[in-house]
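Here is how the chains run, residue by residue.
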Amino acid sequence: RRQWERNLSLFQSQHPSGSKYHTSQYTHRSRLFRPKTRSAIRTNEAAVAAAFFATEDVVSVYPQNDSDPEQRASAIILKHLLQYRLTKTIPWFQTLVAAYQEALVFGSVISHQYWDYKERKRKKRVPIKDAEGNAIFNEDGTQAEESEESVDIINDAPSIRLVASENFRIDPASDWNDPVNSSPFVIEIIPMYLQDVIERMSEIDPKTEEPKWKRLTTGELMETTKRAEFDSTRQTRQGNRQDPISDRTEEISDYTTVFIHKNIIRKDGKDWLFYTAGTKYMLTDPKPLLDVYPHLKENERPYVMGGAVIEAHKTYPSSLVELSQDLQTAANDITNQRTDNVQLVLNKRYHIRRSANIDIHALKRSVPGGSVMMDDPMTDVQIVNTPDVTASSYEEQDRLNVDFDDIAGNFSQSTVQTNRMMNETVGGMEMLSSNANSIIEYMIRTFAETWIEPVLMQIVRLEQYYETDEVVLNVAANRAEEESQT
């Protein structure tokens, strides 16, 4: 948690908790923060956006056996189904860039893939007809009507939901290569409004057949969330602003946040799913995971955990922010010390004789053309001359920039300006950018292998199992036919 909170602070261009800049000794000193970390992450975000959204097609699907015409036709239809869902119903651009940002800041990103199905039942009046289809009228001549229940489908589409790292629990001894599926338990802490929890207690999902939640009183729901209200990582994520989940002083209402635990436990080689309110009250009875998520493979969970850096035998790998944190701290120190030095050169310090009759406030203001009254200027005040900072400070900053850009894969203008001899030729510029490009490509490839491909594979199986929208199927079929003809 401490490392996550430090990473978040550096990403937000803030000095982390415990920094010397938060002490009273630095109250009146320079406390600037050079946003080298944010700059590197923004560069990587732009690179991943260009890598995956440079063309109109956001996904490619190929058959395992290219000689099989049925597999080729299935791959083409699945491609256009995914193309439609990722561009129309799933905010794929925002989800992918945010997931990559999480991987760069926390070291890992977790997402939940599921089929989002919501319906609403309503009653309407319809005319009554006899067996021959003729209308039946009342005694007063009005047409007879009866009440009929209809179902309106609100949402029927696949969904990808990013899970905050602080709300996800796995066994730290799980396999580093596949931590989610190898962990004996997976627990997601879901913040929900009180009114939504009460609504779920009286509903059942007809699409996935999730079990109905047991009824609990409002007092029981609030009792289970007392210990989970404050979360240091979530508070750091919000910066200096109020925590939107726990820092609420008003009385209990429909919008009060409660914490629901979604538990997946492996018992005798089989995964079971159940919900609890906090850790005290059961909301559902345990049910086989494959009964709730029938599209999954054996021993697979509906969660995917990926990253941008590979570290063997480490469940939570280091992030880009963690790899460069000391260089970011050193860059801040050099900048702040040089700023303090410049301020001392322009605004001198003074040694003042104790009990001297001096206008101290006028002396501190240093107003150009101003005057300071004192009894004896020769003995009451002594000016302390501070030598100006030398060029070594700027040279040290340039070297720190090079080191930071080297580990972050960031080819910046400061790198070019530092290597004056190399950037005078086109070949030198290419040599400088090649190393940065290879590091960015490595991180994007790692992210694609560990998160994007497993996520899209689960979306493919969701489409194969649940897709019933005739409009979407017709659009995919028509585009597949056009592609096969060309």
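Please refer to the structure higher up on the page.
Since we're looking at a predicted model, the values are computed, not measured.

Description of the environment of Phe168
Okay, so step 1: Tracing the backbone shows Phe168 in strand β3 (residues 168-170).
Okay, so step 2: Residues Phe168 and Lys262 lie 94 residues apart in sequence; the distance between their C-alpha atoms is 9.7 Å.
Okay, so step 3: Among all residues touching Phe168, those that are not within four sequence positions of it are Ile110, Val163, Val180, Val186, Ile187, Glu188, Tyr303 and Tyr316.

So, the pairing of strand β5 (residues 257-267)
The two faces of a sheet get side chains in turn, since along a regular strand they alternate between them.
Okay, so step 1: Most of β5 sits out of view: eight of its eleven residues are buried.
Okay, so step 2: With nine bridges joining them, strand β4 (residues 185-193) and β5 adopt antiparallel strand pairing. Across the sheet, Glu188 pairs through a bridge with Lys262, a residue of β5.
Okay, so step 3: Note: β5 against strand β6 (residues 270-277), eight bridges, orientation antiparallel. Following the sheet pairing, Asn263 is matched in β6 by Phe274.
Okay, so step 4: Hairpin remark: β5 followed by β6, antiparallel, with two residues in the connecting loop; positive phi at Asp268, about 55°.

Observations concerning the environment of Gln235
Okay, so step 1: Its location among the elements puts Gln235 in helix α8 (residues 232-237).
Okay, so step 2: Between the alpha carbons of Gln235 and Glu5 there is a distance of 8.9 Å; along the sequence they are 230 residues apart.

Let's talk about the sheet that holds strand β9 (residues 303-306)
Okay, so step 1: Taken together, the three strands give an open sheet; going across it, the order is β2-β1-β9, and neighbouring strands pair in antiparallel fashion. Edge strands, defined here as strands with exactly one partner in the open sheet, are β2 (145-163) and β9. Averaged over all neighbouring strand pairs, the angle between strand axes comes to 20°, with direction disregarded.
Okay, so step 2: For strand β1 (residues 109-127) and β9, the ladder comprises four bridges, and the chain directions are antiparallel. Within β9, the position partnered with Val109 by the bridge is Gly306.
Okay, so step 3: Where helix α4 (residues 92-106) meets the sheet, it contacts β1 and β2, and its direction lies at approximately 40° from that of β2.

Re the pattern of salt bridges
Okay, so step 1: Within the structure shown, the criterion is met by 16 salt bridges.
Okay, so step 2: Two residues, Arg85 and Glu467, come together in a salt bridge whose shortest N-O distance is 3.0 Å. Of this pair, Arg85 sits in helix α3 (residues 69-89) while Glu467 sits in the loop between α16 (426-466) and α17 (470-485); the two residues are 382 residues apart in sequence, bridging distant segments of the chain. Exposure class is identical for Arg85 and Glu467. Each is buried.
Okay, so step 3: Here Asp271 makes a salt bridge to Arg266, at a shortest N to O gap of 3.2 Å.
Okay, so step 4: Overall, the relative accessible area of 7% leaves Asp271 in the buried class.

Some thoughts on a nonpolar patch on the surface
Okay, so step 1: The grouping of Trp176, Ile310 and Tyr442 at the surface amounts to a nonpolar patch, some 290 Å² of accessible area in total.
Okay, so step 2: Inspection of the secondary structure assignment puts Tyr442 in helix α16.
Okay, so step 3: A residue is classified by how much of its surface remains accessible, and Tyr442, at 38% relative accessible area, is partly exposed.

Regarding the packing of aromatic side chains
Okay, so step 1: One pass over the structure, following the stated rule, counts twelve aromatic pairs.
Okay, so step 2: Residues Trp4 and Phe106 carry aromatic rings whose centres are separated by 5.5 Å and whose planes lie at 75° to one another, so their mutual orientation is edge-to-face. Pair noted here: Trp4 is in helix α1 (residues 2-11) and Phe106 is in helix α4, with a separation of 102 residues, a long-range link.
Okay, so step 3: For Phe106, a relative accessible area of 2% gives the class buried.
Okay, so step 4: Measuring from ring centre to ring centre gives 5.2 Å for Trp213 and Tyr275, while their planes differ by 45°; the resulting arrangement is tilted. A residue pair is termed long-range when its members are at least 10 positions apart, and Trp213 in the loop between α6 (194-200) and α7 (218-224) and Tyr275 in strand β6 qualify at 62 residues.
Okay, so step 5: The exposure class assigned to Trp213 is buried, which follows from its relative accessible area of 3%.

Overview of the layout of surface pockets
Okay, so step 1: Approximately 680 Å³ is the volume attributed to the second largest pocket.
Okay, so step 2: Lining the second largest pocket are 24 residues; nearest its centre among them are Ser60, Val61, Tyr62, Met457 and Val460.
Okay, so step 3: At the level of elements, α3, α4 and α16 are the ones that each hand at least two residues to the lining of the second largest pocket.
Okay, so step 4: Here the lining of the second largest pocket gets eight residues from one element, more than from any other, and that element is α16.
Okay, so step 5: For the lining of the second largest pocket, the residue count by class is 16 nonpolar, five polar and three charged.

The rules behind each value
- Residues numbered from 1 in each chain as written.
- Predicted model: local features only at pLDDT ≥ 70, side-chain atom pairs only at ≥ 80, totals over all residues.
- Heavy atoms only, no water.
- Helix = DSSP H or I, 4+ residues; strand = E, 2+ residues; numbered from the N terminus.
- Contact = heavy atoms within 4.5 Å.
- Buried < 20%, exposed > 50% of the residue type's maximum accessible area, 1.4 Å probe, protein only.
- Pairing = 2+ DSSP bridges.
- Axes fitted to C-alpha atoms, helices over the stretch in contact; angles between N-to-C directions.
- Salt bridge = Lys/Arg side-chain N within 4 Å of Asp/Glu carboxyl O.
- Patch = residues over 30% accessible without salt bridge, like charges linked within 9 Å, V, L, I, M, F, W, Y side chains within 5 Å.
- Areas by Shrake-Rupley, 256 points an atom, 1.4 Å probe, with all protein chains shown as cover.
- Phe/Tyr/Trp six-rings, centres within 6.5 Å; stacked < 30°, edge-to-face > 60°.
- 1 Å grid on protein atoms, 1.4 Å probe; cavity = no way out; pocket = protein on both sides within 12 Å on 5 of 7 lines; lining within 4 Å.
- Points joined across faces, edges and corners; volume = space filled by probe spheres on them.
- Nonpolar A, V, L, I, M, F, W, Y, C, P; charged D, E, K, R; others polar.

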